[in-house]
Protein chains: 2
Amino acid sequence: MSWGTELWDQFDNLDKHTQWGIDFLERYAKFVKERLDIEQNYAKQLRNLVKKYCPKRSKDEEPRFTSCLSFYAVLNELNDYAGQREVVAEEMAHKVYGELMRYSQDLKAERKHHLQEGRKAQQYLDHCWKQMDNSKRKFERECKEAEKSQITYDRLDNDINATKSEVEKAKSQFYLRTHMADESKNEYAAQLQNFNAEQWKHFNNAIPHIFKNLQDMDERRTVKLGETYRSFAEAERRVIPIVSKCLEGMVSAAKAVDERRDSGIVVESFKSGFDPPGDFPFEDFSQNLSRTGSDGTISSTPKGDRERDGAPAPRSDPKHPMSRTKNKLWLFGKKPKAPSLEDFSHLPPEQRRKRLQQRIDELNKELQKEMDQRWSLIILYPEQIHVFSSPFNLRFVSVFQRRPEQDEGRVREESTDGRPEQPTA
Amino acid sequence: MSWGTELWDQFDNLDKHTQWGIDFLERYAKFVKERLDIEQNYAKQLRNLVKKYCPKRSKDEEPRFTSCLSFYAVLNELNDYAGQREVVAEEMAHKVYGELMRYSQDLKAERKHHLQEGRKAQQYLDHCWKQMDNSKRKFERECKEAEKSQITYDRLDNDINATKSEVEKAKSQFYLRTHMADESKNEYAAQLQNFNAEQWKHFNNAIPHIFKNLQDMDERRTVKLGETYRSFAEAERRVIPIVSKCLEGMVSAAKAVDERRDSGIVVESFKSGFDPPGDFPFEDFSQNLSRTGSDGTISSTPKGDRERDGAPAPRSDPKHPMSRTKNKLWLFGKKPKAPSLEDFSHLPPEQRRKRLQQRIDELNKELQKEMDQRWSLIILYPEQIHVFSSPFNLRFVSVFQRRPEQDEGRVREESTDGRPEQPTA
C-alpha cells in the first residue's frame, strides 16, 4: 500500500506519525543506554568484589593449600566473567546505542526535507489557485459592466427622443465593454486551465512522490529498529560461550581441591622432626648407703624398669627434669621467633633440612645460569676462555663441595644426637 | 601423612591452623554473600528498566506496529532474563552461603571439642609427672636421712667410750631410716613406672587419636570448600540454557519486524477514502450578454476545457470556491474531533467503513455466544425451548437485516455522491 496514493490528504497525520517514529526510535536508544549502564555497573561491582578478595601478599608467601589456590582460580574466572559483561556493555554502546543516535540525526534531517518539499508544493498550488481566482473575479466584474452598458444602449436605442450621437456613443461603449469582458474571459480560461494542470500534477506527481519518500524513510526506520533489536540480543549472545568457559574454569578449580594434599602441606610446614620423649630413667639416690648391717632390701634396680619391656627402651638423660620442662615447652609453648641465621641453626631439624634444601636448589639454579652464560661467552670469544674458565670452576667447586656436604653434616649431627634440640626461647 | 604421628609436638600450630581454616571458610562465605547481593541488585535494576519501558496503555489502544510489538517482546525476554539472575542469587543463597554458615558452626563446635581433649590429656600427663617427681624427692630426702643415721651409728660403734645402749639406739635408728628409704624407693619406682606408662600412652594413643580427628575435620572442611566452589559455579551454569532461550526470543522478535506491514498499518489508520479533488469547471458569467449586436466573439465554452482531455473529467461543483477552501482544510488542516456517533457519520468514509465493520464483527460474536448458550439451554431444558427461541430469532434478524445493510447503504451514498464530504470543523 502506497502512502502517496492512499494518504494523499493525510499530510498532517504523516507529519505526526514520522515524528512519533523518531521519538520511538530515540526512546529505544535511551532504553539501550540505560541497559548498558546497568551492565557496566554490574561488571564494576564484580571486579571490585574480586579485587577485595584477591590475595594481597606476594607469590612466595602465598599458602600452597589447594583450597586457597582453587579459590583464587575462581576469583580469576569471575574477573574474566566481569570482563565479558563489559564486552556486552561496549557492544551495546557502539553497535546499538551509538548507531541509533547517528541514525536518528539523519532521520530528522531527511524528514524535515520531505515535509518542506510537501509544503512548498502546496504553497505553489495555492499561488496558482489565487491567480486563477483573481482572473475569474475580473471576468465576472467586467461581464456585469458589459451588461450595464448593454442596458443603457438598448434603452437609448428604443428612445425616440435620443439623439443619434447619444445612441452611437452608448453602442461603442457597449462594444468596448463586451470586448474587455471577452478578453478577461480568455484570461480566466487560461488561468483555470493552468491551475487544473498544476493541481493534477500536484495530486498525481508531487504529493505521491513526496509521500513515497516519507514511506521509504519510515520503512527504513522500521528495518533499522529490527536490526538493532537483533544486535541488542547478539551483544549478549556472543559472550555466552566465553562465559561458559569461565564457569567450566570454576568447576575444574573446584575439582582441583585435594584435602589429602592440603593436610600434607600442614605437616610439611609444621613438622619439627623431633621424636616424642622416651621413658624417664630411674635415679637411685640409695647408692651411697652401704649394705653392711642392712638386710639388703634396697634393690639396686627398681621393679619399674624390670616389668615394662613392651615400652620403648629408656634413653639415658642426665639432666632430665630440665629437658622434661623443655618438652612441655615444645608441646604447648609458642614456636621460638629466633633471628634467621645463615645455617638455619635456630630451626628444628625438619624445618632446617627444608630450608637448607631450598638454599641448595637456589644455588644450583644460579650455578646453571652462570655456566650457560659461560658457554655462550666461549662461543662468542673462544680466545678469552682461559680468563673466564678458572673462576667459574672455583665457583663450581665452592658450591658443590662446601655448602651441601656441610649442611648434610649438620642435619645428621642432630638426628644422631639423641635428645631434641632446645629452642632458644 | 598423619598429623597424629608427624606433628605430635605442634598442638599450638594445629590450633592456629584449624582456626585459620574456619576463618578462610567464613571469608569465602562472605564473598558468596556479596556476590549474590550483586546478582540481586542487578536483577532488580533490569526489572525496573523493563517496567519503565513497558507500555502503560490498555491492549486495544496499543499500536499494532510490528516494531512496537517486537520491542515489547524484547522487554518480556529481558524480564525473564532478570528472573534467571534472581534464580542464580537464590541458588547461591541457599546452596552455597546458607550451607557454609551452617557448616562453619558445626566446625567450630567440633574443633573446640578436639582441642579440649588435647588439653585434658596434657593436664593428666602433667599430674602424673608431678606425683612421680614428689615421690622421687621424698626418696632422695630419706636416703640422706638414712646416710646421716648410718654415720652416727658407725661413729658410736667404733667409739670405745660409747655405752651399749647408745649403740643399740643408733643402730635401730639407722635400720628404721634405711627401711623408710627402701619404702619410698619402691613408691618412687612405682610412680616412675606409672608415669612412663602414661607418657607412652599419651604420645602413642591419646595425641595421635586427637590429632587424627583434627586432621579428618580439616580435610572435611577442604572437601566442603571444593563442593561449594562447584555449586557456586553451577548456580550460574544451570541458567545458561534458559538465558540462551531468552536471547533467541529477542532475536526472533527482531526478525518479526516487518516494515511493509507497518507502513500498511499507517495507511489503514489514516486513509480517509476521499478522492483527490478533480478539475475546477469553467464558470461563464457572460451567458446573460445577448449576442445581438455583438460580433459573437464571446464563445460559450472556454478554450481551457476543450484542450485538456488527458486529465480526469471535470466534476460539476456549483458552490465551488467554498469547497475549494474545504479541500485545503482537508489537505493540511487538523482532523476534526467530532463526537463519536452511533453510525460514525462524523468519520471519513474509509475510517467509517472500518468502524462499522468492527461493530458488525462484535455483534456477530455476541450473537454466536448467545446462540451457543441457547443450544446448551435447549439441551438442558428441551421442554422450554419455545420460551427462548423467539427472542433469539428476533435478535438474529435484527443484527443481520438492520445494521449491515443500512451501513453499506450509507457508505455507498458517499462514494456515489461526487464531492468529498465536509468535516464538521
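Residues numbered from 1 in each chain as written. Chains lettered and ligands numbered in written order. Predicted model: local features only at pLDDT ≥ 70, side-chain atom pairs only at ≥ 80, totals over all residues. Heavy atoms only, no water.

### Quick notes on the overall build of chain A
Right, so step 1: Helix and strand counts for chain A come out as 10 helices and 0 strands.
Right, so step 2: Secondary structure of chain A in N-to-C order comes out as α-α-α-α-α-α-α-α-α-α.
Right, so step 3: By the burial criterion, 45% of the 425 residues in chain A qualify as buried.
Right, so step 4: If you take every contact in chain A between residues at least 6 apart in sequence, the share linking residues at least 24 apart comes to 82%.
Right, so step 5: In the structure as shown, chain A presents an accessible area of about 22600 Å², 55% of it carried by carbon and sulfur atoms. (Helix = DSSP H or I, 4+ residues; strand = E, 2+ residues; numbered from the N terminus. Buried < 20%, exposed > 50% of the residue type's maximum accessible area, 1.4 Å probe, protein only. Contact = heavy atoms within 4.5 Å. Areas by Shrake-Rupley, 256 points an atom, 1.4 Å probe, with all protein chains shown as cover.)

### Considerations on the packing of aromatic side chains
Think of a pair of aromatic rings as described by two things: how far the centres are apart, and how the planes are tilted against each other in angle.
Right, so step 1: Inspection of the entire model under this criterion finds 41 aromatic pairs over all chains.
Right, so step 2: Measuring from ring centre to ring centre gives 5.5 Å for Phe71(A) and Tyr28(B), while their planes differ by 80°; the resulting arrangement is edge-to-face. On the criterion of chain membership, the pair formed by Phe71(A) in helix α3 (residues 66-157) and Tyr28(B) in helix α2 (residues 11-53) is interchain, its members lying in two chains. Residues Phe71(A) and Tyr28(B) agree in their burial class; the two are buried.
Right, so step 3: Through a chain of ring-to-ring contacts, the aromatic side chains of Trp20(A), Phe24(A), Tyr28(A), Phe31(A), Tyr229(A), Phe232(A), Tyr53(B), Phe65(B), Phe71(B) and Tyr72(B) assemble into a single cluster. (Phe/Tyr/Trp six-rings, centres within 6.5 Å; stacked < 30°, edge-to-face > 60°.)

### A few points about the environment of Tyr188(B)
Right, so step 1: Looking at the secondary structure, you find Tyr188(B) in helix α4 (residues 164-237).
Right, so step 2: The class of Tyr188(B) is buried, set by a relative accessible area of 0%.
Right, so step 3: For the pair formed by Tyr188(B) and Asp133(B), sequence separation is 55 residues and the distance between their alpha carbons is 8.1 Å.
Right, so step 4: Not counting residues up to four positions away in its chain, the partners in contact with Tyr188(B) are Pro281(A), Phe282(A), Glu283(A), Met132(B), Ser135(B), Lys136(B) and Phe139(B).

### Focus: the packing of helix α2 (residues 11-53) of chain A against α2(B)
Right, so step 1: Where α2(A) contacts α2(B), the axes come no closer than 11 Å and their chain directions differ by 175°. Judged by the angle between their axes, α2(A) and α2(B) are roughly antiparallel.
Right, so step 2: For the contact of α2(A) with α2(B), the class distribution of residues is 12 nonpolar, 4 polar and 12 charged. (Axes fitted to C-alpha atoms, helices over the stretch in contact; angles between N-to-C directions. Parallel < 35°, antiparallel > 145°, perpendicular 65-115°, else oblique. Nonpolar A, V, L, I, M, F, W, Y, C, P; charged D, E, K, R; others polar.)

### Observations regarding helix α9 (residues 349-380) of chain B
Right, so step 1: Compared with the 46 Å implied by 1.5 Å per residue over 32 residues, the 46 Å span of α9(B) between its first and last C-alpha is a close match.
Right, so step 2: Within the sequence span of α9(B), burial applies to Pro349(B), Glu350(B), Gln351(B), Arg352(B), Leu356(B), Ile360(B), Leu363(B), Leu367(B), Arg374(B) and Ile378(B). (Expected span 1.5 Å × (residues − 1).)

### Re the pattern of salt bridges
Residue and element names in this part refer to chain A.
Right, so step 1: Within this structure, the stated rule accounts for 69 salt bridges over all chains.
Right, so step 2: Glu 236 serves as the salt-bridge partner of Arg 85, at 2.6 Å between the closest nitrogen and oxygen. In this pair, Arg 85 sits in helix α3 while Glu 236 sits in helix α4 (residues 164-237), placing the two residues 151 residues apart along the sequence.
Right, so step 3: Relative accessible area serves as the criterion here: at 3%, Arg 85 is assigned to the buried category.
Right, so step 4: Residue classification places Glu 236 among the buried positions, given a relative accessible area of 4%. (Salt bridge = Lys/Arg side-chain N within 4 Å of Asp/Glu carboxyl O.)

### Looking at the environment of Ala82(A)
Residue and element names in this part refer to chain A.
Right, so step 1: Within the element layout of this structure, Ala 82 appears in helix α3.
Right, so step 2: Residue classification places Ala 82 among the buried residues on the basis of a relative accessible area of 0%.
Right, so step 3: Once the C-alpha coordinates of Ala 82 and Asn 48 are considered, the two residues, 34 residues apart in sequence, prove to be 9.9 Å apart.
Right, so step 4: For Ala 82, the residues in contact, after removing those within four places along its chain, are Ala 43, Leu 46 and Arg 47.

### Here we look at the relation of the copies chain A and chain B
Right, so step 1: Mapping chain A onto chain B calls for a screw motion: a turn of 180° about the axis and a shift of 0.0 Å along it, with 0.4 Å RMSD after fitting. These values place the two chain copies in the arrangement generated by a two-fold rotation axis. Residue Tyr42(A), judged by its C-alpha, is the member of chain A lying nearest the rotation axis, at 2.9 Å.
Right, so step 2: Here 100% of the contact residues of chain A are again contact residues in chain B; the copies associate through an equivalent surface. (Least-squares fit on C-alpha atoms with pLDDT ≥ 70 in both.)

### So, the interface of chain A and chain B
Right, so step 1: Opposite the 143 residues of chain A that make contact, chain B presents 144 residues.
Right, so step 2: Both faces combined, the contact of chain A with chain B buries some 13400 Å², and carbon together with sulfur accounts for 64% of it.
Right, so step 3: One can count 10 salt bridges joining chain A with chain B.
Right, so step 4: Glu219(B) is the partner of Arg260(A) in a salt bridge, and the nearest nitrogen-oxygen pair spans 2.7 Å.
Right, so step 5: At the level of elements, α1 (3-6), α2, α3, α4, α5 (240-255), α6 (259-270), α7 (303-307) and α8 (320-332) of chain A are the ones that each hand at least two residues to the side of chain A that touches chain B.
Right, so step 6: Split by residue class, the side of chain A that touches chain B holds 68 nonpolar, 35 polar and 40 charged. (Buried area = accessible area lost by both parts, 1.4 Å probe.)

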